[in-house]
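# Understanding the architecture of this molecule
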Amino acid sequence: MRTLEEVQATLQIAKLKEEDLQNTIHCLSFGQNVSSADYCLMELDDTLCKHIEAGQSLVIRGDKDERAVLCSGDKTYDLKIADTSNLLLFVPGCRTPDQLTNSQDSSHVVHTQIWGFCNSYWELRKQRPKLKKLKKLLMENPYEGPALGGQEENTENRYTMQDLLERIQASEEEIKAHLETIHACQIDGYWRVLDFDYEMKLLGHVTQLVDSESWSFHKVPLEISLEELAPLEPKDMIKHCLNCYGRRFTENDEVFYALHEDKVCRGLALMLLQNAVKFNLREFQEVWQQSVPDGMSTRLDQLKSVALVDRTSNPETISLLRVEDLPEDTVERFNHLFTLREKWTEEDITPYIQDLCGEKQTTGALLTKYARSSTQNGIKVFNSRRPVAT
């Protein structure tokens, strides 16, 4: 171990003045069997530091064929290795200059042992959660309603929340929010997504009841609805349908639901479009308006991100195109969109790229990076920056 005299001699050789340095001098030495593979370093921002200091955990998620991500309780981060030209040393108990009290007037030596070293660290960058796989897993066994007499329910490919946390690259809060978005529900402890035809059957029961009872769709009584529809479907499913397509409120201790016009119109439009490659726009709008409850009005802007109108065809047409069916990767998404249509107006393409925006990023910035703009008949349009295979 070095003595203070040896340290002072080294300072003279290096032409350093002792009075310019801290009084506490750390002499470092490597412990036995120290290896760079013993530890990994991770750079955390203030939010994640406070998360760890509060006793919360961070989880690395991803299957063997996926790029790993780091998840907190409500956010997802991309993990990337950053190399550094400086050797990073792990020194337990080592204090930084601002932690030293300099209570001793004279220089003194502290002998400290290095526990490990590294020349790289994990860099974190907040990213969009990868949620497309969530619906894919749940669609392996969609819920089609209670099993009929004598039939056994399919119990394969069912997932608890813990199962989903182990398979989906997203935080628990992001997973829960997406489960709500795709109208999933818990049945016997497993998260299930409803078969689309069954979901529309439930919605049909509710809207027909509203029409037959001449209720306002802004005020649908829960208990009466459950009693009237109980012979047709389980009460839990009727209640789930009302939660998906309405807003719960209480008046004079009685529970009501206000059906959400846009959600109901959107769901019934999807039912009409799902089996047609293309639909004559004018005919579709007529049939669509006839299919919704009295008092509701259908509008094409209710179908943003789920259906695409072609104004260039004669007659004009509409077809199903759901953003959830498009690739999650940004480059792949743009390639797919430009395969479907060579030129897009900003109004048409925005609903299909909105979810790709990161923090403080706009769809305009994405279009600037991944598309080329031009003017066609006085309208600004966007096409691919590279040749697209058709």
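For the structure, see preceding data.
Going along each chain's sequence as written, the residues are numbered from 1 onward. Whole-chain, interface and lining totals are the exception, using all residues; otherwise, since this is a predicted model, local features are given only for residues with pLDDT of at least 70 and side-chain atom pairs are given and counted only at 80 or more. As a rule here, side-chain values come from all non-hydrogen atoms in the structure, and water together with hydrogens is ignored.

## A closer look at the packing of aromatic side chains
Side-chain rings of Phe, Tyr and Trp, where Trp is taken by its six-membered ring, are said to pair if the distance between their centres is within 6.5 Å; with planes under 30 degrees apart they count as stacked, over 60 as edge-to-face, and otherwise as tilted. On inspection of all chains with the given rule, the structure shows eight aromatic pairs. When the centroid spacing of 6.1 Å and the interplanar angle of 90° are considered together, the rings of F30 and F117 count as edge-to-face. Taken together, the positions of F30 in strand β1 (residues 24–30) and F117 in strand β6 (residues 116–126) put the pair 87 residues apart, joining distant regions of the chain. Between F334 and Y370, the ring centres sit 5.2 Å apart and the planes meet at 20°, which makes this aromatic pair stacked. Of the two residues, F334 sits in helix α11 (residues 330–340) while Y370 sits in helix α13 (residues 363–370), which places them 36 residues apart along the sequence. Among the residues examined, F334 registers a relative accessible area of 2% and is labelled buried. Think of it in three bands: residues with accessible area under 20% of the maximum for their type are buried, residues over 50% are exposed, and the middle band is partly exposed, with areas taken using a 1.4 Å probe on protein chains only. Taking the relative accessible area as the measure of exposure, Y370 reaches 21% and is therefore partly exposed. An aromatic cluster of three or more residues is present, and its members are F279, F284 and W288. Only lysine NZ and arginine CZ atoms are considered, and such an atom sits over a ring when it is within 6 Å of the ring centre and within 35 degrees of the ring normal. Positioned above the aromatic ring of F256, the side-chain terminus of K219 is 5.1 Å from the ring centre. The positively charged end of R341 is found above the aromatic ring belonging to W344, 4.9 Å away from the centroid. Numbering of helices and strands runs from the N terminus; a helix is a DSSP stretch of H or I covering at least four residues, while a strand is a stretch of E covering at least two.

## Regarding the pattern of salt bridges
Within this document, salt bridges are pairs made up of a side-chain nitrogen of Lys or Arg and a carboxyl oxygen of Asp or Glu, the two lying within 4 Å of each other. Following the criterion strictly, the structure yields 17 salt bridges and no others. Of the charged contacts in the structure, one is a salt bridge between E233 and K201, with a shortest N-O distance of 3.3 Å. Taken as a pair, E233 in the loop between α7 (222–229) and α8 (235–245) and K201 in helix α6 (residues 196–212) lie far apart in primary sequence, 32 residues in all. Residue E233 is classed as buried on the basis of its relative accessible area, which comes to 5%. Overall, K201 belongs to the partly exposed group, its relative accessible area being 44%. The partner of R299 in a salt bridge is E261, and the shortest N-O contact between them spans 3.8 Å. Here R299, found in the loop between α10 (281–291) and β13 (307–310), pairs with E261, found in helix α9 (residues 261–273); they are 38 residues apart in sequence, far enough to count as distant. A network of salt bridges, in which partner residues are shared, links D63, E66, K133 and R167.

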